[in-house]
Structure formats: C-alpha cells, structure tokens
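Structural description and commentary
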Amino acid sequence: MSDEEDYDEEEVEEEEEEEEEEEEYEEEEKTNPDERKSVRSAISEGDGNFLKARQEAKKGELDEQLREYINEWRKQREKEEEELKRLKEKQSKRKEIRAEQEKKLAQQKKEEEERIRKGESEKKAKEAEEKRKRLEEAEKKRQMMMQAQKDKQNAGGGGASAGGGGKRTDGGMGNVADARREMTKTKEQLEEEKKISLSIRIKPLELDGLYSDDLKVKAGDLWETIMRLETEKYDLQERQKRQDYDLKELKERQKQQLRQKAMKKGLDPEALTGKYPPKIRMYSKYERRTDTRTYEDRKKLYEGGWEILYCEVLEKDWKEKFEDFSKHAKAKLPKWFGERPGKKSGEPDSPEDEDEVVAEVAPVVDEEPDEEDDEEEEEEEEEEEEEEEEEEE
C-alpha cells in the first residue's frame with residue numbers, strides 16, 4: 001500500500017508542474033500577444049511531440065517502479081504467509097501435546113480414585129469381618145450364659161419364686177450403658193447386626209442323605225429348639241411388663257414426693273410435677289429473697305392490703321418514736337421574773353404538782369407499746385419457724 005501512495009503523489013506533482021507551465025505560457029501570451037502568435041505557430045507542432053514523448057517516458061518509469069513495488073509486496077506477503085503457516089503448525093502441535101498430557105492426567109486421576117475406592121472397600125470388608133467375629137464371640141458367650149442359667153434353674157428344682165425374684169433383680173440398671181449404645185446406633189447398623197446374629201444363630205439344615213429315622217430326630221430337635229425359644233420369649237415379655245410396672249410405680253412415688261415438697265414451700269401441689277420447674281418468685285425486685293407468702297396473702301395486697309400494711313408500719317413507727325420521746329425527762333422551764341416563759345395574759349398559774357400528773361399519765365400511754373412488743377415477738381417466732389422448715393427441706 002505504501003508503493004501505491006508514492007506513485008499517486010508523484011503523479012500529482014507532475015500534474016502540478018504541467019499546470020504551472022501552462023499558466024506561465026498564458027501569462028506570456030497576455031503580455032506579448034503579437035510575438036507569441038508567430039512563435040506559437042512555429043513550435044506548436046514540435047512542442048506537442050516533445051511533451052508527449054516526455055509524458056510517455058515518465059509513465060514508463062512509473063510503471064516500472066510500480067511493478068517493482070508490487071513484486072516486493074508479493075515477496076513480503078509470501079514471507080508473512082509462510083510465518084503464519086509455521087505458527088499454525090506450532091499451535092496444532094501444542095494442542096496435540098496438551099491433549100496427550102490431559103489424557104495422562106485423567107488416567108492418573110482415575111487410577112488414584114480406583115485405588116482409594118479399593119482401599120476403602122478393603123477397609124470396610126475388614127471392619128465387617130472384625131465386627132462379625134466380635135458378634136460371634138458375644139453370641140457364644142450369651143449362649144454359654146443362657147445354658148449355665150438354664151442348668152442352674154434345672155438344678156434348683158421348683159425354685160420358681162426365687163427364680164422370679166432373681167429375674168427382677170437382674171432387670172435393674174446393670175445394662176444401662178449397653179442400652180444407650182444400642183439407642184445411638186442407626187437403622188442400617190441394627191439391620192446389619194441382625195443379619196450377622198441370625199446367620200450365627202440359625203444354622204443351615206443338612207438334610208442330604210438322611211433317612212426317615214434321622215429326619216424324625218432332626219424334627220424333634222427343631223421342635224425342642226422352638227419350645228425353648230418361645231419360653232425365653234415369654235420370660236422376656238413378662239420381665240418387660242414387670243419393669244414397666246416398677247417404672248410406673250417409681251414415677252408415682254416421685255410425684256407424691258414432689259407434691260409434698262411443693263406444699264411445704266407454699267406452692268401449688270402440681271408446681272414441681274410438670275415438665276419444667278416453677279418460676280422462683282422473689283419477695284420484691286429490691287430484696288433478693290424468695291417469697292414465702294401464700295396466694296391469699298398476695299391477693300390481699302391487690303385488694304387494698306398494701307394500704308393497710310403501710311398504715312400499720314406508720315402506726316408502729318409513730319408508737320416507737322412516741323415511746324422514745326415519753327422516756328425523756330420532763331424538765332420545766334425556770335421562771336423569769338416570777339412567770340413561766342410563754343405564758344399568756346389571763347391564764348392561771350401552772351400548779352406546782354404538774355410533774356406528778358405527767359408521771360401518772362405516762363404509764364397509761366405505755367400500755368400499747370407492750371402489746372406491740374408481744375406482736376413483734378410472735379412475728380419473730382413465726383419467721384424462725386419458717387426458716388427452720390426451709391433448712392429441713
């Protein structure tokens with residue numbers, strides 16, 4: 001594209017030069033029209049041929065130059081195409097290498113996953129085998145224990161009542177840990193253990209090659225096994241019923257104890273027998289001690305009892321203050337110029353035995369505080385009794 005632009009610029013320059021020559025020639029004709037007419041007629045034919053030859057020579061040079069530029073451009077283009085082709089081949093090779101690497105990585109990952117899966121399956125199989133062996137040992141121990149218990153019962157002979165008592169004692173809290181462990185197992189684990197246990201207990205029947213007598217003996221053995229299992233099933237059911245009854249009785253006793261405890265604390269009898277414990281009622285939000293008042297006492301507070309209680313407290317305070325004041329010595333003010341201070345005109349003179357009159361009135365006033373002291377003592381005794389009951393609880 002650069003060669004073509006250079007060629008266009010050269011053509012434009014040549015055209016500008018021709019235009020300038022023509023303009024100069026026209027100016028000369030305008031300035032000297034007579035001289036030019038004669039010269040023009042003489043050289044008009046030669047100039048025309050010369051200009052044509054000159055233009056053709058320039059055109060040939062430009063064509064040759066343009067041809068060189070085009071050839072150079074084609075060479076450059078071929079080089080670029082070769083470079084592009086080489087890069088594409090390199091890219092395709094890289095893609096093939098990358099695909100092979102990804103294939104190898106996928107194969108390695110698959111082999112790793114297969115190895116991990118195989119290891120897990122082997123581990124599970126090993127654990128299942130260990131579990132089966134453990135259950136087989138536990139089943140054998142259980143069979144031996146059941147056989148020993150059966151032999152002991154048969155040896156005791158007629159000790160049905162004692163055997164029943166032993167069953168009841170055995171059904172205590174001895175197997176609590178085992179029961180909790182069984183409760184935490186999932187359904188799948190229980191089904192698996194059940195299958196393993198049944199595979200141990202139920203042995204396959206080998207009846208091939210047995211005659212009628214052998215089949216009768218086998219049938220008798222199976223019948224005895226069924227009878228033994230049914231007997232064990234019945235014993236376990238009765239044992240479960242007895243345990244349920246014992247639990248029910250214990251729960252009822254617990255409820256009775258809780259009712260007695262609630263009544264001692266002044267609460268509702270059913271307050272402690274519910275699912276949640278009762279709320280601790282405080283005496284007030286300012287005193288951190290429990291409220292031992294009954295419902296009737298608290299009900300009176302909302303029916304005007306608080307006003308009565310407040311009046312009683314005020315009356316008690318007033319009596320205490322009056323008692324303290326009455327205990328003070330009654331001293332008369334000394335006379336000033338023969339008269340008592342504060343005496344008004346027209347009032348009679350105060351008698352001399354006023355102290356005796358006050359002394360006689362004072363015991364009458366002291367009767368009410370004695371009754372109040374008795375009430376306070378009774379209240380203190382009641383509080384001491386309540387504290388003793390709380391300590392006993």
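All values derive from a computational prediction rather than experimental measurement.

It is worth spelling out the overall build of the chain at this point. From N to C terminus, the chain includes nine helices and two strands. If you list the helices and strands of the chain from N to C, you get α-α-α-α-α-α-β-β-α-α-α. Sequence-distant contacts, at least 24 apart, represent 47% of the contacts inside the chain between residues at least 6 apart. Here the chain displays about 36200 Å² of accessible surface, and carbon together with sulfur accounts for 51% of that area.

Let us look at the packing of aromatic side chains. One pass over the full model with this rule turns up one aromatic pair. Ring geometry for Trp318 against Phe322: centres 5.3 Å apart, planes inclined by 10°, an arrangement best described as stacked. Of the two residues, Trp318 and Phe322 both sit in helix α7 (residues 295–326), four residues apart, roughly one turn of that helix.

On to a negative patch on the surface. On the surface, Glu312, Glu378, Glu379, Glu380, Glu381, Glu382, Glu383, Glu384, Glu385 and Glu386 cluster together into a negatively charged patch. The biggest single contributor to the negative patch is helix α9 (residues 367–392), with nine residues. Mapped onto the elements, Glu385 comes out in helix α9.

A separate point is the confidence of the model for the chain. In this model, the chain carries an average pLDDT of 76, and 70% of its residues clear a pLDDT of 70 or more. A low-confidence stretch, residues 159–172 (pLDDT under 50), is modelled with eight contacts involving residues beyond four sequence positions or located in other chains. Every residue in residues 353–369 scores below 50 in pLDDT, and together they form eight contacts with partners more than four places removed in sequence or on other chains.

A few words on the pattern of salt bridges. The tally for this structure, following the rule as stated, stands at 12 salt bridges. The closest approach of N and O atoms between Arg77 and Glu81, which form a salt bridge, is 3.7 Å. You can see Arg77 and its partner Glu81 sitting in helix α2 (residues 33–156), four residues apart, about one turn around the helix. Judged by relative accessible area, which is 42%, Arg77 ranks as partly exposed. Ionic pairing is found between Lys241 and Glu238, a salt bridge with its closest N-O pair at 3.8 Å.

This brings us to a nonpolar patch on the surface. Judged by side-chain polarity, Trp306, Leu309, Tyr310, Val313 and Leu314 come together as a nonpolar surface patch covering roughly 520 Å² of accessible area. If you trace the backbone, Leu314 turns up in helix α7.

All right, on to a positive patch on the surface then. There is a patch of like positive charges on the surface, built from Lys90, Arg94, Lys95 and Arg98. With respect to the helices and strands, Arg94 occurs in helix α2.

Between its terminal C-alpha atoms helix α6 (residues 212–264) stretches 78 Å, which fits the 78 Å expected from 53 residues at 1.5 Å a residue. Of all the residues in α6, the buried ones are Asp246, Arg259 and Ala262. Positive phi appears at Gly266, one or two residues downstream of α6, with a value of about 80°.

Another aspect to go through is helix α5 (residues 187–201). Structurally, the α-helix is built with 3.6 residues per turn, so residues lying three or four positions apart point the same way. Given a rise of 1.5 Å per residue, 15 residues ought to cover 21 Å, and the 21 Å separating the end C-alpha atoms of α5 matches this to within 8%. Listing the buried residues of α5 in full gives Glu193, Ile196, Ser197 and Ile200. The arc enclosing the buried residues of α5, seen along the axis, measures out at 100°, which places them on a common side. Facing away from the buried side of α5, by more than 90 degrees, are the exposed residues Lys187, Glu188 and Lys195.

Here we take up the pairing of strand β2 (residues 287–290). Across two bridges, the pairing between strand β1 (residues 282–284) and β2 is antiparallel. The residue of β2 that forms the bridge with Ser284 is Glu287. Adjacent in sequence and paired antiparallel, β1 and β2 are bridged by two residues.

How each quantity is defined
Residues numbered from 1 in each chain as written. Predicted model: local features only at pLDDT ≥ 70, side-chain atom pairs only at ≥ 80, totals over all residues. Heavy atoms only, no water. Helix = DSSP H or I, 4+ residues; strand = E, 2+ residues; numbered from the N terminus. Contact = heavy atoms within 4.5 Å. Areas by Shrake-Rupley, 256 points an atom, 1.4 Å probe, with all protein chains shown as cover. Phe/Tyr/Trp six-rings, centres within 6.5 Å; stacked < 30°, edge-to-face > 60°. Patch = residues over 30% accessible without salt bridge, like charges linked within 9 Å, V, L, I, M, F, W, Y side chains within 5 Å. Salt bridge = Lys/Arg side-chain N within 4 Å of Asp/Glu carboxyl O. Lys, Arg positive; Asp, Glu negative; His and termini not counted. Charge placed at Lys NZ, Arg CZ, Asp CG, Glu CD. pLDDT = per-residue confidence, 0-100. Buried < 20%, exposed > 50% of the residue type's maximum accessible area, 1.4 Å probe, protein only. Expected span 1.5 Å × (residues − 1). Arc of directions from axis to C-beta. Pairing = 2+ DSSP bridges.

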